[in-house]
Amino acid sequence: MKVCVIGSGVCGIAAVRELQRHLPAGSLHWLSEDREAGGLWNASSRRSRVYDALYLNTSRELSAFTGSPIRAEAPVQYLHHSRYAAYLEEVAAECEGAERHWECRVTSVERRPDSVWRVRWVKPDGSDAEAEFDAVVDATGHNGQPRGPQVPVAADPVYAYAHSSEYRNPEPYRGKHILVVGNGASAVDIACDLVAAAAGVGISIRTPKWHLPKVILGKPVDHASDGMLQRVPLVGGLAAKAAESVVRRLTGSYADYGLPSPGTPLATSTPVLSDHFLPHLSHGRLRVYAQVESLEQEAVRFADGTSEKFDAVIAATGFSESSPHLPAEARQVLLEDRLGLALEAPGYPGLFLMNRFRCGEAAVRCAEPQAAAVARALSRPRAGTDTPPGAVAPSGASSRVTARILEKVYEAYR
């Protein structure tokens, strides 16, 4: 069997590792538009989203591939992005059985009438190339196109306006009054990074979230299978409430920080982890604003009726699906959130789409079950209308999905 894997980030590496193990006699081709592995974590990637102060929000133990531990001194639990990118490059280098076509931009993936997949790409010298495959695993992910806040935005505001994907360090914002729009991990990280340089930093919150320190009671919050955030979703309601009560006692009331209370239980949420956010709020270094209602010509208007002028606005409001190389119908499935936990695109046998939903924990922990499901599907006899792994699972692309959920769903299709 001849298989093509597209993408050299965490999911691409996971796919190649599993396919080499399950299809040792197969022909595996690995395409990537980057020259180094790591995807979003590598500053050299065309899709890089890293900034100078970025550290992982997941501990090194759970951020490592099975059988390939991350080497670091004992006290170090959270890695700088550059160290993690180097680790991903090391793991990718161990995948020696795949034929690499790197620094090659895939332009189209199409299914021929004889069920063979044709992949076309542009080589580093600018020339075109193509090849045919029995199956294609697209692991380019869902963080493609930067997405701004879904509010009216003035065509030419007097203040600087940028997406968080453009942010690298606080120097361009030194001495300025800045608003960060968003309440996720990147928004909190960037707001905290700006504090030392900017004259004032605000953060606009639309959806209240749980905010936790990275270490609780001396342990990373995601550490080992008995860690708090790992266990809570799987235990009874009483234990979940007890764990939530402990968190509230450790952090105090969010109202004391000027934060709105989260509307969902901790057990069903993906908390934002930061050792700096709550202390900065308590010291007055950060100010909380209501949800943005509109980005006007000279000021930002908020949902509580107030407005304020800023020197710059940074939108940390996520990304939209962008896979122009995929067949139009497959792209529509992704845009309409109809893939659920399935990996094989409906109506396209042999086209597997990895990393198309939000992982509720370390990326590797969600990538490996997906890769194993793809490898199992390709290593067994296949009919033209095979049911894809996880097809019966409800649509989950916009909800919290954990490795444990994936393992249970995919194991059902072994």
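Our structure's up above, just so we're on the same page.
Residues numbered from 1 in each chain as written. Predicted model: local features only at pLDDT ≥ 70, side-chain atom pairs only at ≥ 80, totals over all residues. Heavy atoms only, no water.

K.L.:
Help me out: how do you make sense of helix α8 (residues 363–379) in this one?
P.N.:
An α-helix turns once every 3.6 residues. As a result, residues three or four positions apart point the same way. The end-to-end C-alpha distance of α8, which contains 17 residues, comes to 24 Å, matching closely the 24 Å that a straight helix rising 1.5 Å per residue would cover. Most of α8 sits inside the fold, with 14 of its 17 residues counted as buried. (Helix = DSSP H or I, 4+ residues; strand = E, 2+ residues; numbered from the N terminus. Expected span 1.5 Å × (residues − 1). Buried < 20%, exposed > 50% of the residue type's maximum accessible area, 1.4 Å probe, protein only.)

K.L.:
Teacher, can you tell me more about the packing of aromatic side chains here?
P.N.:
Each aromatic ring pair is specified by the distance between its two centres and by the angle formed by the two planes. Applying the stated criterion to the full structure yields 10 aromatic pairs. Geometrically, the ring pair formed by tryptophan 30 and tryptophan 102 is edge-to-face, given 5.0 Å between the ring centres and 90° between the ring planes. Here tryptophan 30, found in strand β2 (residues 27–32), pairs with tryptophan 102, found in strand β3 (residues 99–102); they are 72 residues apart in sequence, far enough to count as distant. On the accessibility criterion, tryptophan 102 (12% relative accessible area) is buried. With centroids separated by 6.4 Å and ring planes inclined at 80°, the aromatic side chains of phenylalanine 302 and phenylalanine 310 adopt a geometry described as edge-to-face. Using a relative accessible area of 1% as the deciding quantity, one classes phenylalanine 302 as buried. One aromatic cluster in this structure is built from Trp41, Tyr84 and Tyr87. (Phe/Tyr/Trp six-rings, centres within 6.5 Å; stacked < 30°, edge-to-face > 60°.)

K.L.:
What is the right way to read the nonpolar core from this model?
P.N.:
Nonpolar side chains in soluble globular proteins tend to end up buried together. Membership of the largest hydrophobic core comes to 47 residues, with the highest contact counts inside it found for Leu19, Trp30, Phe65, Tyr84 and Val137. Within the residue set of this core, elements represented by two or more residues are β1 (2–6), α1 (10–22), β2, α2 (81–93), β7 (135–138), α8 and α9 (403–411). Element by element, the count of residues in this core is highest for α8, at nine residues. In this structure, Ala187, Val195, Leu259 and Phe277 belong to the second largest nonpolar core, which totals 36 residues. (Core = buried A, V, L, I, M, F, W, Y, C linked by side-chain atoms within 4.5 Å.)

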